[in-house]
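# Architecture at a glance
One letter stands for each residue in the lines below.
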Amino acid sequence: MASYTLKINSKTYTVEADPKMPLLWAIRDLAGLTGTKYGCGIAQCGACTVHMGGQPVRSCSIPVSVAAGKDLTTIEGLSADNTHPVQQAWIKEQVPQCGYCQSGQIMAATALLKKTPNPTDKDIDTAMQGHICRCGTYPRIRKAIKTASQIMNQKASAK
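Residues numbered from 1 in each chain as written. Predicted model: local features only at pLDDT ≥ 70, side-chain atom pairs only at ≥ 80, totals over all residues. Heavy atoms only, no water.

## Thoughts on the sheet that holds strand β3 (residues 49-52)
In a beta sheet, neighbouring strands pair by backbone hydrogen bonds and run either parallel or antiparallel. If you walk across this open sheet you meet the 5 strands as β2-β1-β5-β3-β4, and the pairing is mixed. Since the sheet does not close on itself, it has two edges, and those belong to β2 (11-17) and β4 (55-58), each with one partner. Strand-to-strand twist in this sheet, taken as the mean axis angle between neighbours without regard to direction, amounts to 40 degrees. Relative to strand β5 (residues 71-73), β3 runs antiparallel, the two being bridged by 2 bridges. The residue of β5 that forms the bridge with Met-52 is Leu-72. (Pairing = 2+ DSSP bridges. Helix = DSSP H or I, 4+ residues; strand = E, 2+ residues; numbered from the N terminus. Axes fitted to C-alpha atoms, helices over the stretch in contact; angles between N-to-C directions.)

Shown next, in the form of structure tokens:
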């Protein structure tokens, strides 16, 4: 066991963990932030997506020792009350059915929109590739990403 400092959602957590422990378990079990979900454990489904240094990563495959000292953002860090534009769009477009994959989907969409404010369908397909939704809400996810882009652009032009 070793001691690691994790900066998650601008808050510092000191955790005792095996260096090889997946970041996902440090976030969920040691920091108590359960919005990030376990899906497959092999970085194939995207349910565990968080941002590390602003980039989307699959937290089930990142050792806690690698994440120590880096800025991490989980679904809880986007907003405390679902006011982030991507969350607003997800609600408006009624994306979730079971909802299990949605935190990972939202985190991937947020990273996409930060990099590409006006994404094409191809941009969306590329960014969301490998994010599995067992309920098949892909058309609504695409629509929500476009809605979030509009919300963000409206807010930017209002400034």
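## As for the environment of Asp-121
Take Asp-121: it is sitting in helix α5 (residues 121-128). Considered as a pair, Asp-121 and Val-64 are 57 residues apart in the sequence and their alpha carbons are 34 Å apart. At 3.5 Å, the side chain of Asp-121 forms a polar contact with the side chain of Arg-142. (Polar contact = N/O pair within 3.5 Å; in protein donor to acceptor, adjacent residues only side chain to side chain.)

## Describing the pattern of salt bridges
On inspection of all chains with the given rule, the structure shows 5 salt bridges. One salt bridge in this structure joins Lys-7 and Asp-71, with 3.3 Å as the shortest N-O distance. Separated by 64 residues along the polypeptide, Lys-7 in strand β1 (residues 2-8) and Asp-71 in strand β5 bring together distant segments of the chain. Overall, Lys-7 belongs to the partly exposed group, its relative accessible area being 36%. For Lys-143, the salt bridge goes to Glu-93, with nearest N and O atoms at 3.5 Å. Here Lys-143 is found in helix α6 (residues 138-158), whereas its partner Glu-93 is found in the loop between α3 (85-92) and α4 (102-115), with 50 residues between them in sequence. (Salt bridge = Lys/Arg side-chain N within 4 Å of Asp/Glu carboxyl O. Buried < 20%, exposed > 50% of the residue type's maximum accessible area, 1.4 Å probe, protein only.)

## Side note on the layout of surface pockets
What the largest pocket holds in volume is close to 270 Å³. Those elements that place two or more of their residues in the lining of the largest pocket are β4, α4 and α5. Residues belonging to the lining of the largest pocket are distributed by class as follows: 6 nonpolar, 6 polar and 4 charged. (1 Å grid on protein atoms, 1.4 Å probe; cavity = no way out; pocket = protein on both sides within 12 Å on 5 of 7 lines; lining within 4 Å. Points joined across faces, edges and corners; volume = space filled by probe spheres on them. Nonpolar A, V, L, I, M, F, W, Y, C, P; charged D, E, K, R; others polar.)

## Overview of unusual backbone geometry
Generally, phi is negative for residues other than glycine and the peptide bonds are trans, each holding for most cases. Located in the positive-phi region is Ser-10, a residue other than glycine, with phi close to 65 degrees. Its place among the elements puts Ser-10 in the loop between β1 and β2. Judged by its relative accessible area of 70%, Ser-10 is exposed.

## Some remarks on the packing of α5 against α6
Put simply, α5 and α6 touch, their axes get as near as 11 Å, and they point 115 degrees apart. Judged by the sense of rotation from one axis to the other, the crossing of α5 with α6 is right-handed. Two secondary-structure elements touch here, α5 through Asp-121, Ile-124, Asp-125 and Met-128 and α6 through Ile-141, Arg-142, Ile-145 and Lys-146. (Left-handed = near helix turned anticlockwise from the far one by under 90°. Contact = heavy atoms within 4.5 Å.)

## So, the pairing of β3
Side chains Thr-49 and His-51 project from β3 onto one buried face, and the interleaved Val-50 and Met-52 project onto a second face that is buried too. Here β3 pairs with β4 via 4 bridges, running antiparallel. Across the sheet, residue Met-52 finds its bridge partner in β4, namely Gln-55. From the end of β3 to the start of β4, which pair antiparallel, there are 2 residues, and Gly-53 there has a positive phi angle of about 60 degrees.

## Quick look at the pairing of β2
Pairing between β1 and β2: 7 bridges, direction antiparallel. Residue pairing for β2: Leu-6 is matched across the bridge by Tyr-13. Here β1 folds back onto β2 in antiparallel fashion, the turn holding 2 residues, of which Asn-9 has a positive phi close to 55 degrees.

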